[in-house]
Amino acid sequence: NFGVDSLCDEQLIRLGLGHTVSDVEETVTTLRKDGLNYMFDLLVGGPGETPGTVRTTIDAVRQLGVPLAGIAAGIRAYPGTPLAQAVTEGTIREGLHPDAVTGLHEPVFYLSPGLGSDALSLIHEMVSGDQRFLFLSSPSDEDNYNYADDDTLSDTIRKGARGAYWDIINKNRQ
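Okay, so let's go over this structure. (Residues numbered from 1 in each chain as written. Predicted model: local features only at pLDDT ≥ 70, side-chain atom pairs only at ≥ 80, totals over all residues. Heavy atoms only, no water.)

**A few points about the sheet that holds strand 7 (residues 133-135)**
The four strands are arranged 1-2-3-7 in an open sheet whose pairing can be described as parallel. Every other strand in the sheet has two partners, leaving strand 1 (2-5) and strand 7 as the edge strands with one partner each. Taking the axes of each pair of neighbouring strands and ignoring which way they run, one obtains an average angle of 25 degrees across the sheet. Note: strand 1 against strand 2 (residues 40-44), two bridges, orientation parallel. (Pairing = 2+ DSSP bridges. Helix = DSSP H or I, 4+ residues; strand = E, 2+ residues; numbered from the N terminus. Axes fitted to C-alpha atoms, helices over the stretch in contact; angles between N-to-C directions.)

**Some remarks on the packing of aromatic side chains**
The final tally for this structure, using the stated rule, is two aromatic pairs. Their ring planes at 90 degrees and their centres at 6.2 Å tell us that Phe 2 and Phe 40 sit as a pair that is edge-to-face. Of this pair, Phe 2 sits in strand 1 while Phe 40 sits in strand 2; the two residues are 38 residues apart in sequence, bridging distant segments of the chain. Of the residues examined, Phe 2 reaches a relative accessible area of 33% and is grouped as partly exposed. In this structure Phe 40 comes out as buried when scored by relative accessible area, which is 0%. (Phe/Tyr/Trp six-rings, centres within 6.5 Å; stacked < 30°, edge-to-face > 60°. Buried < 20%, exposed > 50% of the residue type's maximum accessible area, 1.4 Å probe, protein only.)

**Overview of the sheet that holds strand 6 (residues 109-110)**
Spatial ordering of the open sheet is given by 4-6-5, a layout of three strands whose pairing is antiparallel. This sheet does not close on itself; its edge strands, each paired only once, are strand 4 (75-76) and strand 5 (96-97).

**Side note on the environment of Gly 74**
Of note, Gly 74 is situated in the loop between strand 3 (69-73) and strand 4. Look at Gly 74 and you get buried, because its relative accessible area is 15%. For the pair Gly 74 and Tyr 110, spaced 36 residues apart in sequence, the C-alpha to C-alpha distance is 5.4 Å. Filtering out sequence-adjacent residues up to four positions away, Gly 74 remains in contact with Leu 43, Val 44, Gly 45, Tyr 110 and Leu 111. (Contact = heavy atoms within 4.5 Å.)

**What to know about helix 4 (residues 82-89)**
Within the sequence span of helix 4, burial applies to Leu 83, Ala 84, Ala 86 and Val 87. The buried residues of helix 4 occupy one face: seen down the axis, they fall within an arc of 160 degrees. The outward face of helix 4, more than 90 degrees from its buried face, is lined by the exposed residues Thr 88 and Glu 89. Where the residues of helix 4 are buried, they touch strand 4, strand 5 and strand 6. Remark: Gly 90 follows helix 4 within two positions and exhibits a positive phi of approximately 85 degrees. (Arc of directions from axis to C-beta.)

**Some points on the nonpolar core**
Counting 24 residues, the largest nonpolar core has Leu 7, Phe 40, Ile 58, Val 61, Ile 71 and Phe 133 as its most contacted members. Considering every element that reaches this core, the biggest residue donor is helix 3 (residues 51-64), with five residues. In this structure, Ala 77, Leu 83, Ala 84 and Val 87 belong to the second largest nonpolar core, which totals 11 residues. (Core = buried A, V, L, I, M, F, W, Y, C linked by side-chain atoms within 4.5 Å.)

**Some details on unusual backbone geometry**
Note the cis peptide between His 97 and Pro 98, where omega equals 0 degrees. Mapped onto the elements, Pro 98 comes out in the loop between strand 5 and strand 6. The backbone phi angle of Asp 5 is positive, close to 70 degrees, even though this residue is not glycine. Relative to the helices and strands, Asp 5 is located in strand 1.

This is the structure:
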């Protein structure tokens, strides 16, 4: 399970990460060559994120043939990260949850205002119908993904399946 966060070089730079999309492509080539199962975790909604950068990431997942990709909407401002610095300096004021941030002693989350007023629906629309994407959207959505609410996963574990939940899910889909 690789936390690649994004497959858009612009976003990777804004998130302060040390890898590029090219690095991820090389990793996928190696994983395939060695026959290893894997998944990617993506963080959507960081500073500067737009529908276009999200589309770039979603399209890259498909083009690379990534077997499974989990998507989290919004990111946490962890101390020591560029996002946390921007929050504490007041450079970032919009898109914060909770709205009134008095410090980072309590969890602070950020969702790019550039994604519009309904980021969950935007992401859901981009990945809808593609089972390679695990996305926790609105609980009322039929394709909402939640490990704790996956009957097939629960049944398979009761029958003795062991390992990473994402791997069990992927094997059951095949």
